[in-house]
Amino acid sequence: MTLYEGKVGNFYEISGVYVEENITRRLEALGLNAKTTVAILNRKKKGAMIIKVRGTRLAIGSHIAKSIEVKGEEV
Amino acid sequence: MGETIHVAFVGNPNCGKTTLFNAITGSKLKVANWPGVTVEKKEGQASYKDTPLTIVDTPGIYSLTCYTIEEQVTRNCVMDDEIDVIVNVVDASSLERNLYLSLQLLELGKPVILALNMMDVVRDRGMEIDLHRLPEMLGDIPVVPVSAAKREGLDILLHAVKHHHMESPRLAEGKLPFTYPEPIETKIEKLQVMLNAHYPGHHHLRWHAIKLLEWDEQVRKEHPMSIVNVADKNYEKDIIHAKYNYIETIVEEVVFYKEKKAASTDKADRLLTHPVFGVPVFLCIMALVFFLTFTVGDALKGVFEEGLSVFSGFAKQLLLGMNASDWLVSLIVDGIIAGVGGILTFLPNIFILFLALAVLEDSGYMARVAYVMDNIMGKAGLSGKAFLPMVLGFGCTVPAIMATRALETEKDRRRTMFITPFMSCSARLPVYVLFADMFFGKYAPLASFSMYVIGLLIAIFIALILNVKDKGKENDSLLIELPEYKRPNGKTIRIYVWNKLKDYLTKAGTTIFVASIFIWFLLNYGMNGMVSNPEESFGAIIGKVLVPVLKPAGLGMWQIVVALISGISAKEVVVSSFAVLFGISNANSPEGMAVILSHIRQGIPDFGMLNSYSLMLFCLLYTPCIATIATIRKESGSLKFTVKMLAFQLVLAYLVSVAFFQAGSLCAGLW
């Protein structure tokens with residue numbers, strides 16, 4: 001599944017980032033790499049979401065959220 | 001005196017570099033709580049025990065790979081041979097992310113000192129950092145805990161700078177903080193040998209070798225040698241992973257009691273970034289800001305008015321007592337005091353506006369606005385991040401245009417620059433306050449507030465149309481860090497507001513001063529020298545040419561034409577022009593307004609609400625001030641773009657005010 005399909009309040013483990021090269025690099029520099037745990041803090045019905053990764057809150061657009069493959073880890 | 005040491009402050013966005021820079025150099029640069037406040041590098045001077053220091057503050061970056069202009073600025077600065085030592089400012093409460101940049105900086109081989117900032121936040125959150133283990137794990141670099149906001153640890157930091165700046169490159173001594181897995185290390189070594197062979201005496205060999213492995217565009221361009229045998233693919237992913245793996249080890253070893261409480265931010269975010277209420281909450285906050293600006297500001301302005309009228313009367317008496325010639329009395333009293341003094345009476349409104357904006361910016365809410373507005377901006381092909389310069393535009397368009405540097409693509413920058421001038425800046429506020437007060441009575445704040453809403457709607461609408469025209473897609477690639485909320489810092493707010501007030505006063509003393517003299521000249525001189533009847537003045541001659549053009553907008557009066565043209569020097573000048581044109585010492589007082597009204601009605605007998613609203617609309621939308629035009633020319637790097645934009649704004653302002661006035665008149669007629 002992708003992070004975009006995730007639910008608020010849940011934690012997920014990233015299995016891969018598949019987006020344009022330059023955005024991938026940015027995300028990886030921010031620490032969104034494989035095996036990193038991500039929590040979804042808030043989201044809009046269709047659109048951006050707020051996630052927490054490595055102690056940092058990030059707002060990411062739906063395009064990015066749809067490109068992050070995750071493994072579900074229900075809380 | 002020793003030789004000057006050049007120090008660069010480098011770190012992630014919003015980690016407190018500028019606060020530290022201000023604390024050490026005594027500068028008063030703008031600080032706020034959102035990523036991307038600093039977009040230019042700034043230099044300051046300090047000294048430590050007789051050693052002079054030149055300190056460079058840089059825009060925040062997450063990595064030494066560049067995507068935006070501000071990131072490029074920092075990378076160039078860090079690579080500059082002039083920099084002797086790098087102070088890596090780190091947000092200690094967010095160590096895991098901040099250390100990624102630290103590891104990159106260490107690879108450069110320059111002396112690096114880690115300034116662990118926000119240690120107070122760390123303590124408040126019940127976290128502890130092992131200050132013995134951390135430097136060990138970073139290759140024995142000095143690690144100094146500081147609190148920039150509370151000015152703690154500054155001397156120790158400067159002491160470290162003085163003692164470590166001459167250090168021989170650590171990498172040569174084999175003091176690597178960590179190494180990559182074997183295959184990558186072998187490649188790095190091979191590339192170092194190749195670099196050394198091609199470019200003997202090259203600095204920062206290891207860093208460049210790593211960057212070549214990462215296929216860094218700039219480094220590859222600067223070192224055009226065949227590396228396909230070694231860097232057969234882009235190894236960036238592997239390098240990033242290795243770094244983060246090491247960081248995880250560091251964090252595990254040095255950080256204790258991780259995140260006991262960060263709940264207050266989450267609670268506030270539940271409302272402020274709510275999927276449904278987020279936008280209405282933002283609009284309510286902005287409405288509150290402007291409501292305070294108009295009501296509290298107006299309540300305070302009485303004091304200024306009183307002062308001005310006393311001063312004006314006193315100056316006139318003094319000049320007459322000194323037997324000064326008529327023209328001199330007229331220049332000083334009707335020109336300078338009327339033009340400049342009239343503008344100063346709006347100071348309370350400006351003060352409240354910037355106070356409110358400063359609180360917003362320092363609370364941590366700004367970055368949330370990018371998230372909240374992302375859907376709407378996305379439809380216009382822009383990311384929510386483009387909304388930040390627009391909000392800054394409510395204060396002043398010049399820094400707002402500069403802030404577009406943080407946007408990722410040139411296309412986004414241009415489009416944001418194009419629409420930002422429609423966000424109503426503080427200089428337009430006196431025009432609204434004056435004309436709304438004159439015609440809208442108790443609804444004046446509402447009439448003024450509507451200008452901000454209309455400006456915002458027009459800006460977004462134009463971005464939408466541009467996106468359709470360019471056949472652009474919806475933009476859904478927002479990426480921005482959201483800081484923790486915090487109680488606004490008194491000192492930060494003071495610096496922010498004082499800088500803005502100083503700008504306003506400087507503008508009153510320079511641009512508005514000169515413009516007032518110029519307008520006075522235009523009105524008092526004609527073809528045959530000084531004229532007693534303004535109708536024969538240069539101003540009247542020029543203004544009358546354009547009267548027929550502005551007539552359909554309900555503004556067909558030569559004095560209005562002169563005021564609008566002068567307003568291009570600075571928007572406040574529209575108001576000072578009226579003061580000078582009608583010889584009023586205080587345009588912002590009830591008496592002053594009555595005089596303006598009677599004069600205007602001599603030209604346009606039925607000048608009323610419709611005309612005044614049309615004038616406000618025109619002022620909102622037409623050509624921005626000369627300082628903005630110059631900034632846009634410089635930041636866009638294109639004269640063509642700038643001219644096109646100016647023409648567009650002028651035509652739009654004209655069409656909107658004509659359409660409004662004609663439609664309004666028609667409705668009024670039917671009614």
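Residues numbered from 1 in each chain as written. Chains lettered and ligands numbered in written order. Predicted model: local features only at pLDDT ≥ 70, side-chain atom pairs only at ≥ 80, totals over all residues.

Turning our eyes to something else, we now look at the overall build of chain B. A count of helices and strands for chain B gives 30 helices and 11 strands. For a compact globule of 671 residues, the expected C-alpha radius of gyration is about 26 Å, and chain B comes in at 29 Å, within 12% of that figure. Along the first, second and third principal axes, the C-alpha atoms of chain B reach 90 × 60 × 50 Å. Taken over 671 residues, chain B has a buried fraction of 49%. If you take every contact in chain B between residues at least 6 apart in sequence, the share linking residues at least 24 apart comes to 72%. (Helix = DSSP H or I, 4+ residues; strand = E, 2+ residues; numbered from the N terminus. Rg over C-alpha atoms; globule rule 2.2 N^0.38 Å. Buried ≥ 20, exposed ≤ 12 C-beta atoms within 10 Å, placed from the backbone. Contact = placed C-beta atoms within 7 Å.)

With that settled, consider the overall build of chain A. The secondary structure content of chain A amounts to two helices and five strands. Reading the helices (α) and strands (β) of chain A from amino to carboxyl end gives β-α-β-β-β-α-β. Taken over the C-alpha trace, chain A has a radius of gyration of 11 Å; the compact-globule value for 75 residues is 11 Å, and the two agree within 12%. Its C-alpha atoms give chain A principal-axis dimensions of about 30 × 25 × 20 Å. With 75 residues in all, chain A has 56% of them scored as buried. Across chain A, every contact between residues at least 6 apart in sequence was considered, and the portion connecting residues at least 24 apart equals 56%.

For the rest of this paragraph, the subject is the packing of helix H12 (residues 278-321) of chain B against helix H21 (residues 444-469) of chain B. Residue and element names in this part refer to chain B. Contact geometry for H12 and H21: axes closest at 10 Å, N-to-C directions at 135°. Taken as axis vectors, H12 and H21 run oblique relative to one another. For the pair H12 and H21, the crossing hand works out as right-handed. Contacts between H12 and H21 involve Ala-287, Phe-290, Phe-291, Phe-294 and Thr-295 from the first element and Pro-445, Ser-448, Phe-449 and Tyr-452 from the second. (Axes fitted to C-alpha atoms, helices over the stretch in contact; angles between N-to-C directions. Parallel < 35°, antiparallel > 145°, perpendicular 65-115°, else oblique. Left-handed = near helix turned anticlockwise from the far one by under 90°.)

Turning next to the confidence of the model for chain B. Of the residues in chain B, 98% reach a pLDDT of 70 or more, and the chain-wide mean stands at 90. As scored by the predictor, the complex reaches a pTM of 0.89 and an ipTM of 0.95. (pLDDT = per-residue confidence, 0-100.)

Let us now look at the sheet that holds strand S5 (residues 112-117) of chain B. Residue and element names in this part refer to chain B. On the basis of which strands lie adjacent, the open sheet formed by six strands has the order S2-S3-S1-S4-S5-S7 and mixed pairing. Edge positions in the sheet fall to strand S2 (42-48) and strand S7 (143-145), since each of these pairs with one other strand and no more. Strand-to-strand twist across the sheet, computed as the mean angle between neighbouring axes with direction ignored, equals 25°. When strand S1 (residues 5-11) meets strand S3 (residues 51-57), the two strands line up parallel, connected through five bridges. Within the sheet, the bridge partner assigned to Val-7 lies in S3 and is Ile-55. (Pairing = 2+ DSSP bridges.)

Let us now look at the interface of chain B and chain A. Contacts between chain B and chain A engage 31 residues on the former and 28 residues on the latter. At five residues, the largest contribution of residues to the side of chain B that touches chain A is made by helix H10 (residues 236-254) of chain B. The residue makeup of the side of chain B that touches chain A, split by class, is 12 nonpolar, nine polar and 10 charged. The pairing of strand S4 (residues 56-60) of chain A with strand S9 (residues 479-482) of chain B spans four bridges and is antiparallel. Across the sheet, Ala-59 of chain A pairs through a bridge with Ile-480 of chain B, a residue of S9 of chain B. (Nonpolar A, V, L, I, M, F, W, Y, C, P; charged D, E, K, R; others polar.)

Attention now goes to the domain arrangement of chain B. Under the domain assignment used here, chain B contains domain 1 (5-173), domain 2 (182-256) and domain 3 (278-473 + 491-670). Distance between the C-alpha centres of domain 2 of chain B and domain 3 of chain B: 53 Å. (Domains from an automatic or database assignment.)

Our next topic: the pairing of strand S4 (residues 85-91) of chain B. Residues and elements named next belong to chain B. With respect to burial, S4 is a largely interior element, seven of its seven residues being buried. Residue alternation in S4 divides its side chains into two sets, Val-85, Val-87, Val-89 and Asp-91 and Ile-86, Asn-88 and Val-90, and both sets are buried. Sheet topology places S1 next to S4; five bridges connect them, and they run parallel. Paired with Gly-11 across the bridge in S4 is Val-89. By the bridge criterion, six bridges tie S4 to S5 in an arrangement that is parallel. Bridge pairing in S5 places Ile-86 opposite Val-112. In this view, the connection linking S4 to its parallel neighbour S5 by way of helix H3 (residues 95-108) has right-handed handedness. (Right-handed = clockwise from strand over helix to strand, strands pointing away.)

Glancing now at the environment of Phe-518 of chain B. Within the fold, Phe-518 of chain B resides in helix H23 (residues 511-524). Here Phe-518 of chain B falls in the partly exposed class, since 18 other C-beta atoms lie within 10 Å of it.

Looking down a regular strand, the side chains alternate between one sheet face and the other. Residue and element names in this part refer to chain A. The buried fraction of strand S3 (residues 49-53) is high, at four of five residues. Taken together, the five bridges between strand S2 (residues 37-43) and S3 define a ladder with antiparallel strand orientation. Paired with Val-38 across the bridge in S3 is Val-53. Turn length for the S2-S3 hairpin, with the two strands adjacent in sequence and antiparallel, is five residues, and the turn residue Gly-47 shows positive phi of about 145°. Two successive antiparallel strands, S3 and S4, enclose a turn made up of two residues, where Arg-54 displays a positive phi of approximately 50°.

Another aspect to go through is unusual backbone geometry. Residues and elements named next belong to chain B. Not every positive phi belongs to a glycine, and Asp-140 is a case in point at roughly 60°. Within the secondary structure, Asp-140 is located in the loop between helix H5 (133-137) and S7. Taking the C-beta count within 10 Å as the criterion, Asp-140 has 11 such neighbours and is therefore assigned exposed. At Lys-471, a residue that is not glycine, the phi angle is positive and equals roughly 50°. Of note, Lys-471 is situated in the loop between H21 and S9. Overall, Lys-471 belongs to the exposed group, with 7 C-beta atoms counted inside 10 Å.

Moving on, we come to the confidence of the model for chain A. Averaged over all residues, the pLDDT of chain A is 90; the fraction at 70 or higher stands at 96%. Mean pLDDT per element in chain A: strand S5 (residues 68-73) of chain A is the minimum at 85, and S3 of chain A is the maximum at 95.

Residues and elements named next belong to chain B. Across the nine residues of helix H25 (residues 558-566), eight count as buried, placing the element largely inside the fold. Along H25, the residues that are buried comprise Trp-558, Gln-559, Ile-560, Val-561, Val-562, Ala-563, Leu-564 and Ser-566. Tucked into the core, H25 has its buried residues touching H23, helix H24 (538-550), helix H26 (573-581), helix H27 (590-603) and helix H28 (609-621).

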